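Chains, contacts and geometry: an overview
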Amino acid sequence: MNSQQLLAAVDDDYCLNFLARMVQHKSYSQTDGERKLAEYMASQMQMLGLETQLQPVPGERLNAIGTLRGEGSGHSLLFNGHLDTNPVTEGWTVDPWEGKIDDEFIYGIGVSNMKAGDAAYFCALKTLIDNGVKLKGDVILTYVVGELQGGIGTIAAIEQGIKADYFINSEPTDVQAMTMHAGSLMFTIELTGDTRHLSKREEAVDAIQAAIRLIPQINNITFTGAETDDHRKINRGHIGTIHGALGRDLEEWRPPQVADFVRLSGSARFAPGQTVDTVLADLQALLDNLCREFPGLQAELFDDGKRHRPTMLPFEVSPESPIVKAVNRAYQTVRGEQQPTGVITPPAFYGTDAAHFFQMLGMEGVVCGPGGKFNTMPDERVHIKDFLDTVRVYLLAILEICQPVEA
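Residues numbered from 1 in each chain as written. Predicted model: local features only at pLDDT ≥ 70, side-chain atom pairs only at ≥ 80, totals over all residues. Heavy atoms only, no water.

1. Examining helix H8 (residues 276-293)
Taking 1.5 Å per residue as the helical rise, H8 with its 18 residues ought to reach 26 Å, and the 26 Å between its terminal C-alpha atoms agrees with that figure. Next to the buried residues of H8 lie strand E9 (183-192), helix H6 (207-219), strand E11 (261-270) and strand E12 (298-303). (Helix = DSSP H or I, 4+ residues; strand = E, 2+ residues; numbered from the N terminus. Expected span 1.5 Å × (residues − 1). Contact = heavy atoms within 4.5 Å.)

In structure tokens:
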């Protein structure tokens, strides 16, 4: 079969129903449901004839890994996506677990982030297998957990020997080819002032007032060391939580006193070429200036990547990489137009497991998947066309990278 015949052979109804079955698994992060979905994916890959394993991940969690062995001399291609989802929020008007399909969308918690991408690469490989296509290179499907905890599932997979020549991470980009994304550093700042009764406020060091001065500086920062305008484009600091009151226990029952303690938690997004150390140094410089502005203030900065979960580092690949070009050509064939490629925002502000393959193994890859517009919101959904087009894009990318065996 030629490539056009293979594209026509994709069973759209099967693909949508398979995705709906994935949505029907309540795979909240770090729950039994997450484990059950990993076991389900392993069983489905076994039915395809893939070499399948359930890999242990810290916290009694499981990755599902499947490998289709090539017949030699072709490049290998790894697909990567996570199975764990965020929880359902208020405001839903459809059943988050039904996998509802209408004329335009498929709905459900996690369908955008990122079960549509997960299902797309399964269905792409299944189409090739069902139609008797033999490949020279290996295809590896990785269904990991713990992306929401800094990518611990992908780190575990890499530590257990998973690698390939190229990869596609199917995080939601609205089927655009993202070649760079930011690193994500979580941090905490503690400001300690000096309390007084409001009658003697002039003698106090007001930690809340200092925090109010600091927050816009962080929210508007561009970190040092950005190499190009594209790198600066994905620089961003943000304070997401603030608690201020009396003492480290944050006693709130005495508002007539000046608050002497504030704890702020935030995130820094930084580009390749910038590092955790340079970002922390920039934040520390702001704190040093703040302490000079508020004499007597003490400020302490914590790297939460060391305290709580791994820091998701930045990712970058040349737009001229063979894997990027293969995805570009596949998109052109499927949609008849050039694929948007490069630093795609807002997805470039998200962390992905692509960073671990890039940083730990030096692998070249691209982030490209369905979903994005309606990600992480009530009635989370994905355009059916985007999902089915992605199946076909992945199918063509497999053929180009792994190369079919001549009949």
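2. Let's talk about the side chain of Asp386
Its place among the elements puts Asp386 in helix H12 (residues 384-402). A residue is classified by how much of its surface remains accessible, and Asp386, at 8% relative accessible area, is buried. A polar side-chain atom of Asp386 sits 2.6 Å from a polar atom in the side chain of Arg335. Not counting the four nearest positions on each side in its chain, Asp386 is found in contact with Asp174, Val175, Arg335, Pro370 and Lys373. (Buried < 20%, exposed > 50% of the residue type's maximum accessible area, 1.4 Å probe, protein only. Polar contact = N/O pair within 3.5 Å; in protein donor to acceptor, adjacent residues only side chain to side chain.)

3. Here's the deal with the packing of helix H2 (residues 12-23) against H12
Running from N to C, H2 and H12 point in directions that differ by 110 degrees, and their axes come no closer than 11 Å. Comparing the axis directions of H2 and H12 gives the class roughly perpendicular. Only Ile384, Phe387, Leu388, Val391 and Arg392 of H12 make contact with H2, whose side of the interface consists of Asp12, Cys15, Leu16 and Leu19. Tallied by class, residues from the contact of H2 with H12 come to seven nonpolar, no polar and two charged. (Axes fitted to C-alpha atoms, helices over the stretch in contact; angles between N-to-C directions. Parallel < 35°, antiparallel > 145°, perpendicular 65-115°, else oblique. Nonpolar A, V, L, I, M, F, W, Y, C, P; charged D, E, K, R; others polar.)

4. Considerations on the domain arrangement of the protein
Here the protein is partitioned into domain 1 (3-181 + 314-402) and domain 2 (184-303). Centre-to-centre separation of domain 1 and domain 2, based on C-alpha positions: 37 Å. In this assembly, 11 residues from domain 1 lie in contact with 10 residues from domain 2. Summing the contributions of domain 1 and of domain 2, the shared interface buries around 920 Å²; its carbon and sulfur component is 71%. Considering only the surface of domain 1 that becomes buried against domain 2, Pro314, Val343 and Phe349 emerge as the three largest contributors, covering 61% of it. The interface formed by domain 1 and domain 2 contains zero salt bridges. At the boundary of domain 1 with domain 2, the tally comes to three residue pairs in polar contact (both at pLDDT 80 or more). Broken down by class, the residue content of the side of domain 1 that touches domain 2 amounts to seven nonpolar, three polar and one charged. (Domains from an automatic or database assignment. Buried area = accessible area lost by both parts, 1.4 Å probe. Salt bridge = Lys/Arg side-chain N within 4 Å of Asp/Glu carboxyl O.)

5. What to know about the packing of aromatic side chains
The full count for this structure, using the stated rule, is 13 aromatic pairs. When the ring of Phe105 is compared with that of Tyr107, the centres are 6.0 Å apart and the planes differ by 65 degrees; the resulting orientation is edge-to-face. Tyr107 gets classed as buried once you look at its relative accessible area, which sits at 10%. Taking the ring centre of Phe105 as reference, the NZ or CZ of Arg381 above it sits at 5.2 Å. (Phe/Tyr/Trp six-rings, centres within 6.5 Å; stacked < 30°, edge-to-face > 60°. Lys NZ or Arg CZ within 6 Å of the ring centre and 35° of its normal.)

6. Thoughts on unusual backbone geometry
The peptide bond linking Asn113 to Met114 adopts the cis configuration, its omega dihedral lying at 0 degrees. Inspection of the secondary structure puts Met114 in helix H4 (residues 111-130). That bond from Thr345 to Pro346 is cis: its omega, 10 degrees, falls within 30 degrees of zero. Positive phi is not limited to glycine here, since Glu60 has a value of about 60 degrees. In this model, Leu250 sits at a positive phi of 55 degrees, which is unusual for a non-glycine residue. With respect to the helices and strands, the residue Leu250 is situated in the loop between strand E10 (236-245) and E11. Overall, the relative accessible area of 18% leaves Leu250 in the buried class.

7. A few points about the UniProt feature "domain: Peptidase M20 dimerisation" (unreviewed entry) in the protein
UniProt records the feature "domain: Peptidase M20 dimerisation" (unreviewed entry) at residues 180-293, using the numbering of this structure. Helix makes up 32% of residues 180-293 and strand 28%, whereas the separation of the span's terminal C-alpha atoms amounts to 37 Å. (UniProt positions renumbered as here; feature names shortened; annotations may be inferred.)

8. Concerning the environment of Asp206
For Asp206, the location among the structural elements is in the loop between E9 and H6. C-alpha of Asp206 to C-alpha of Ala119: the two residues are 87 residues apart in sequence and 53 Å apart in space. In this view, Asp206 contacts Val258 and Ala259; residues no more than four positions away in its chain are not counted. Looking at Asp206, its side chain comes within polar contact range of the main-chain nitrogen of Ile208, at 3.0 Å.

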